[in-house]
Amino acid sequence: MDNSNNQTITMGMGCFWSPDALFGQLTGITRTRVGFAGGTIDNPTYRQLGDHTEMVEVEFDASIISLESILNVFWKSHNPVNINDYKGRQYKSLVLFRDSMQHSVIREVMKTKEEQGNGFPDTEVAPYTLFYPAEDRHQKYYLKRHPDAIDKLRTLFPTDDELTNATLAARLNGLAKGYTNMARIINEIRTWLISEDEQEEIIHLIKQIKW
Ligand code: MHO
């Protein structure tokens, strides 16, 4: 689903498994990936992430969901405390912006949070440079607890990358974590810009999954 309204934002808010599912279930989010960013060492891995932070990278259609709403979900869903990196850099509250537009939206939302009386969020805000995707076993972590779901999705998304990048996998990962339900997902699929036959084929497939 490529179009000119697409934007990407990268957020760190603790262990990346839940944010993958949390953002993945939102209409307007076209894909999610988890990985490491914000540090300096080359080629971090889950076991050796060095000074990097666990982050979720979210691609979204800004004509459906605004950056502001995504950021509101971000700050509502974690405790942005970084004093002395007290939880370590692995679990920093961190947002990486792609351009000055995103930077100013981030600052505005932070100012609004402060005005609402909870103090200025202690979230680090920095320009995006590199993002290292995490190992496949960390992508769509909650969905991967359901082997039959993965088996069935493999008919549509044969490779690990295709599965990780699929909007459908993002929604079902949200479902596996309990953030959404099947009826919502099916209603949304009926709005996707694919043929009715393709919609029904996908709906048929996901209805067969044994959870
Ligand atoms: N080891 C912790 C966090 C995992 S998260 C990918 C746990 O099992 O919940 O950092």
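Only a predicted model underlies this, so the values are computations on that prediction, with no experimental measurement involved.

A.B. asks: Got a minute to help me understand the site of the ligand in this structure?
C.D. replies: Within the structure, the ligand sits among C15, F16, W17 and E54. Looking at the shell around the ligand, its residues break down into 3 nonpolar, no polar and 1 charged.

A.B. asks: Before we go on, may I ask you to explain the domain arrangement of the chain in this structure?
C.D. replies: Interface size is commonly expressed as the accessible surface area that is lost when the partners come together. Annotation of the chain at the domain level lists domain 1 (6-136) and domain 2 (137-207). The C-alpha-based centres of domain 1 and domain 2 are spaced at 23 Å. Contacts between the two partners involve 19 residues from domain 1 and, on the opposite side, 20 residues from domain 2. For the side of domain 1 that touches domain 2, the secondary structure elements donating two or more residues are α1 (17-24) and β2 (29-37). Tallied by class, residues from the side of domain 1 that touches domain 2 come to 8 nonpolar, 6 polar and 5 charged.

A.B. asks: Sorry, what's going on with α1 here?
C.D. replies: Helical geometry: 3.6 residues make up each α-helical turn, so side chains three or four residues apart lie on a common side. In terms of residue burial, α1 counts as a mostly covered element, since 7 of its 8 residues are buried. Here α1 has its buried residues at W17, P19, D20, A21, L22, F23 and G24. If you follow the buried residues of α1, they end up packed against β1 (6-13), β2, β3 (53-61), α2 (67-76) and α6 (167-176).

A.B. asks: In this structure, what is going on with the nonpolar core? I would like to understand it.
C.D. replies: Proteins that are soluble and globular tend to have nonpolar side chains buried together. If you look at the biggest cluster of nonpolar residues, it comprises 37 residues, and the most contacted ones within it are M11, M55, V56 and V58. Sorting elements by how many residues they give to this core places α6 first, with 5 residues. Counting contributing residues per domain, this core is built from domain 1 (6-136) and domain 2 (137-207), each supplying no fewer than three. Ignoring anything within four residues of it in the chain, the contact list for M11 reads P19, M55, V56, V58, F74 and V95.

A.B. asks: Would you mind going over the pairing of strand β5 (residues 124-127) with me for this structure?
C.D. replies: Regular strands have side chains that alternate between both faces of the sheet. By the bridge criterion, 4 bridges tie strand β4 (residues 93-97) to β5 in an arrangement that is parallel. Bridge pairing in β5 links V95 to V125. Note that the unit made of β4, helix α3 (residues 100-118) and β5 has a crossover that is right-handed.

A.B. asks: Help me understand the sheet that holds β1, please; the structure alone is not making it clear to me.
C.D. replies: Strand-to-strand pairing in sheets goes through backbone hydrogen bonds, with the strands running parallel or antiparallel. Pairing in this open sheet of 6 strands is mixed, and the strands run β5-β4-β1-β3-β2-β6 from one edge to the other. A single partner strand is all that each edge strand has here, and the edge strands are β5 and β6 (131-133). The sheet shows a mean angle of 35 degrees between the axes of neighbouring strands, taken without regard to direction. Alignment of β2 against β3, held across 8 bridges, turns out to be antiparallel. Bridged to T32 within β3 is V58. Across the sheet, α3 lies against β1, β4 and β5, angled at about 145 degrees from β4, the strand it touches most.

Rules behind the numbers
Residues numbered from 1 in each chain as written. Predicted model: local features only at pLDDT ≥ 70, side-chain atom pairs only at ≥ 80, totals over all residues. Near = placed C-beta within 6 Å. Nonpolar A, V, L, I, M, F, W, Y, C, P; charged D, E, K, R; others polar. Domains from an automatic or database assignment. Contact = placed C-beta atoms within 7 Å. Helix = DSSP H or I, 4+ residues; strand = E, 2+ residues; numbered from the N terminus. Buried ≥ 20, exposed ≤ 12 C-beta atoms within 10 Å, placed from the backbone. Core = buried A, V, L, I, M, F, W, Y, C linked by C-beta atoms within 7 Å. Pairing = 2+ DSSP bridges. Right-handed = clockwise from strand over helix to strand, strands pointing away. Axes fitted to C-alpha atoms, helices over the stretch in contact; angles between N-to-C directions.

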